[in-house]
Amino acid sequence: MSDQGESEVELEARLAEGESFDPPASFVEQANVADEDIYEEFEENWPECWEQAADLLTWEEEYDQVLDDSDEPFYEWFTDGKLNASANCLDRHLDERGDETAIEWIGELGETRSYTYQELHDEVNEFAAALREMGVEEDDVVTMYMPMIPELPIAMLACARIGAPHSVVFAGFSADALATRMNSADSEYLVTCDGYYRRGDPLNHKNKADEGLEDVEQDVTTVVVDRLGDDLDHDLGDSQHDWDDLVEAQAGASVEPVTRDAEDMLFLMYTSGTTGEPKGVKHTTGGYLSWVSWTSQSVLDIKPEDTYWCSADIGWITGHSYIVYGPLALGTTSVMYEGTPDYPEKDRLWQIVDDYDVTQLYTAPTAIRAFMKWGEEYPEKHDLSSLRLLGTVGEPINPRAWKWYYTHIGNEECPVVDTWWQTETGGMMVTTIPGVAEMKPGSAGPALPGVSAKVVDGNGDEVDPGEAGYLVVDKPWPGMLRTLYKNDERFIEEYWQEYSDPDEDEWVYFPEDGAKIDEDGYITVLGRVDDVINVSGHRLGTMELESAVVGVEGVAEAAIVGGKHDIKGEAVYAYVITEDGYEGGEDLRERIIEGVEDAIGPIARPEEVVFTEDLPKTRSGKIMRRLLENIANGEELGNTSTLRNPDIVSEIQSKVSND
Ligand code: WT7
């Protein structure tokens with residue numbers, strides 16, 4: 001192991017005792033935030049403390065009020081302020097940093113593209129002009145269904161420039177998922193591509209987009225990026241345009257950034273919830289952009305001269321906030337990698353860190369667990385000494401994986417920020433400020449300064465340190481979602497019903513996570529308490545999954561739960577009752593997997609399909625999911641005698657392989 005650090009044995013012992021780690025002195029010396037008074041300062045000066053976040057942006061018109069809470073929980077931030085997100089991410093950097101790199105893109109096959117701020121600005125202007133030409137107007141929702149290619153952030157920023165909110169649908173989602181989201185958002189525009197590479201092979205994406213479009217109710221105008229050239233032929237249908245043709249026709253165009261109100265919608269992002277219908281989370285221009293800029297600066301410690309890399313996909317909120325908007329608003333270099341971490345070899349990420357002298361790496365625990373499994377010989381082949389900070393997001397990171405990351409990637413010289421947040425929060429909420437706070441592996445950390453996160457019991461009273469409870473946030477923050485698209489009622493039901501007391505004007509946001517807190521205010525997130533499972537950091541609704549399975553011919557009833565998985569964190573377990581006349585064999589199993597992939601995408605593929613004659617139910621007929629989870633995990637079941645059908649339990653148990 002490393003010779004400058006402590007021995008493996010010592011480190012293991014410290015972890016076992018739940019010990020903490022101080023931020024490395026070399027990091028603190030240069031950190032953007034190194035004064036611990038920030039916590040007190042923000043508390044005393046709340047909500048005005050958030051002017052500091054707004055000050056990171058360039059406003060066309062100053063806001064009148066930091067927070068308007070006259071219509072809770074429909075909060076407004078930076079009221080009457082005017083700005084444009086694309087101007088903040090591009091135009092304002094041109095004078096001083098026009099020739100510096102904004103995006104370093106690395107394709108899976110090894111080809112690279114590099115965009116300076118000036119070049120990115122110019123491409124965004126041309127595509128913005130093309131969108132206008134196609135008829136896109138301010139406030140029209142433009143859907144993007146694209147993999148990790150530079151045209152995706154270009155299209156997002158072009159939309160932001162003309163005030164058209166984007167709705168990015170993860171490329172790995174199915175045709176059905178695309179159609180549902182386009183219908184929900186009444187979106188009449190789609191930007192997609194012919195295909196992309198996965199493990200070196202060209203993959204047809206346009207087929208999937210076209211299939212989705214068949215189920216979209218409104219007329220749609222589509223733009224298709226030709227990513228694969230000669231590797232894949234594609235035809236353009238009516239109202240389908242080629243990206244290059246459109247942009248060529250606008251060569252040299254300049255589009256004035258539209259003045260947007262702070263509260264105007266910047267984008268929509270669909271995410272899974274308890275019911276089958278995906279939720280259209282609405283984020284705004286002023287609050288969101290302030291939030292991602294401030295957290296990028298204070299938590300990721302981003303400086304303009306950095307080469308920062310977030311390995312998430314832009315199809316998820318992490319990529320929106322921490323590949324595109326936060327880093328570009330701060331004028332840094334953001335790395336974007338198209339492919340998988342083990343193609344062509346398992347050292348791909350470390351090769352990129354080495355080649356580009358990456359200074360910060362932000363990734364997910366599921367990836368770290370895979371790296372651990374592959375072994376430290378892969379990072380050891382490369383010089384990773386450019387790294388200054390490491391981050392993780394998406395699910396809890398276990399102390400062992402934390403330690404591996406800290407040691408083998410960070411060489412014990414980089415702080416690790418374990419960041420808890422959600423699609424709905426816009427950006428980070430609970431994590432250490434790396435230049436200030438000590439790190440406790442396994443615990444995300446204290447709430448950020450100015451963020452009021454607490455752990456409460458079922459009555460909303462704060463629990464004692466060490467006790468499990470529910471995570472809540474009882475003060476608003478600038479990056480918060482404003483509502484669910486065209487569904488204010490569901491917004492209140494989903495997030496504000498549980499712990500608020502409207503009569504007392506007390507509004508409490510409930511993220512639906514379980515957590516515990518220690519004496520120092522460090523929060524350990526225990527996982528979702530709703531019917532959402534977290535597979536490789538991807539959020540999947542069990543209802544959505546169940547309706548996909550029940551939609552398969554031959555399935556009478558299904559229950560989906562998450563079972564523990566070494567790499568993915570959780571995996572999908574499907575318990576299925578067949579219809580009379582159908583047999584639960586290999587054929588049906590395959591059709592169920594196909595059904596799920598068609599309805600949602602390959603990420604939702606069931607790990608196990610268990611055929612059973614019945615599902616364990618309470619006397620009132622409710623499926624006992626907790627029990628099914630225990631079975632998936634090979635855990636003790638406790639008392640099952642109150643079930644309507646206790647005998648079924650051992651029968652199901654005998655069918656599940658717990659290896
Ligand atoms: C859910 C949100 C945040 C962007 C990616 C996921 C879980 C997220 C952590 C963390 C423990 C975490 C929570 C949360 N989660 N980060 N550091 N430690 N759990 O966004 O798809 O909206 O999912 O991911 O359960 O509620 P998302």
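Not measured: the values here are computed from a predicted model. (Residues numbered from 1 in each chain as written. Predicted model: local features only at pLDDT ≥ 70, side-chain atom pairs only at ≥ 80, totals over all residues. Heavy atoms only, no water.)

Caption draft 1: Spotlight on the confidence of the model for the protein chain. Within the protein chain, residue pLDDT values average 94, and 97% of them lie at 70 or more. When mean pLDDT is taken per element in the protein chain, helix α8 (residues 151-162) scores highest with 99 and helix α1 (residues 8-16) scores lowest with 64. Counting contacts from residues 1-5, a segment whose pLDDT is below 50, to residues more than four positions away or on other chains yields eleven contacts. (pLDDT = per-residue confidence, 0-100. Helix = DSSP H or I, 4+ residues; strand = E, 2+ residues; numbered from the N terminus. Contact = heavy atoms within 4.5 Å.)

Caption draft 2: Broad picture of the site of the ligand. Close contacts around the ligand come from 17 residues, with D418, T419, T423, D513 and R539 the closest. In this structure, an oxygen atom belonging to the ligand sits 3.0 Å away from a side-chain N or O atom of Q422. At 2.7 Å, a side-chain N or O of R539 approaches an oxygen atom of the ligand. Considering the ligand on its own, with 560 Å² of exposed area, one finds that the protein chains cover 95% of that surface. Sorting the residues of the shell around the ligand by element identifies α13 (317-329), β20 (416-419) and β24 (523-528) as the ones contributing at least two each. Tallied by class, the residues present in the shell around the ligand amount to six nonpolar, six polar and five charged. (Near = heavy atom within 4 Å. Polar contact = N/O pair within 3.5 Å; in protein donor to acceptor, adjacent residues only side chain to side chain. Areas by Shrake-Rupley, 256 points an atom, 1.4 Å probe, with all protein chains shown as cover. Nonpolar A, V, L, I, M, F, W, Y, C, P; charged D, E, K, R; others polar.)

Caption draft 3: Broad picture of the sheet that holds strand β12 (residues 240-242). Taken in spatial order, the seven strands of this open sheet run β12-β11-β8-β6-β7-β14-β15, and their pairing is mixed. Either end of the sheet is taken by a strand with one partner, and the two such strands are β12 and β15 (279-284). Within this sheet the neighbouring strands show an average axis-to-axis angle of 25°, counted without direction. Bridge count for strand β6 (residues 142-145) against strand β7 (residues 166-168) is three bridges, and the pairing is parallel. Bridge assignment links T143 to a residue of β7, and that residue is S167. (Pairing = 2+ DSSP bridges. Axes fitted to C-alpha atoms, helices over the stretch in contact; angles between N-to-C directions.)

Caption draft 4: Region of the structure containing the pattern of salt bridges. For the coordinates displayed, the defined rule picks out 34 salt bridges. Notably, a salt bridge pairs R260 with D139, separated by 3.1 Å at the nearest N-O pair. Linking R260 in strand β13 (residues 260-261) with D139 in the loop between α7 (117-134) and β6, this pair joins segments that are 121 residues apart in sequence. A relative accessible area of 2% means that R260 is categorised as buried. We classify D139 as partly exposed; its relative accessible area is 46%. Each of K279, E424, R490, E494 and R539 takes part in salt bridges that share partners, so that together they form one network. (Salt bridge = Lys/Arg side-chain N within 4 Å of Asp/Glu carboxyl O. Buried < 20%, exposed > 50% of the residue type's maximum accessible area, 1.4 Å probe, protein only.)

Caption draft 5: Representation of the side chain of S272 in the model. Positionally, S272 belongs in the loop between β14 (265-271) and β15. Residue classification places S272 among the buried residues on the basis of a relative accessible area of 5%. At a separation of 2.9 Å, a polar atom in the side chain of S272 contacts the side chain of E544. Aside from chain neighbours lying at most four places away, what touches S272 is K279, V532, R539, L540, G541 and E544.

Caption draft 6: How the structure looks around unusual backbone geometry. A cis geometry characterises the amide bond from W46 onward to P47, with omega recorded as 0°. Position of P47 among the secondary structure elements: in the loop between α3 (38-44) and α4 (51-54). In this structure, P344 follows Y343 across a cis peptide bond, with omega equal to -5°. Phi angles above zero are rare outside glycine, and N411 is one such case at about 50°. A positive phi is found at E512, a non-glycine position, where the angle reads about 65°. Looking at the secondary structure, you find E512 in the loop between α18 (488-495) and β23 (513-517).

Caption draft 7: Representation of the pairing of strand β17 (residues 333-337). Counted residue by residue, β17 has five buried out of five residues, so it is predominantly covered. Burial along β17 is two-sided: T333, V335 and Y337 facing one way and S334 and M336 facing the other are all buried. As paired strands, strand β4 (residues 101-106) and β17 are joined by four bridges and run parallel to one another. The residue of β17 that forms the bridge with I106 is Y337. Across three bridges, strand β16 (residues 307-310) lies against β17 in parallel orientation. Bridge pairing in β17 places T307 opposite T333. For the crossover that starts at β16, traverses α13 and ends in the parallel β17, the hand is right-handed. (Right-handed = clockwise from strand over helix to strand, strands pointing away.)

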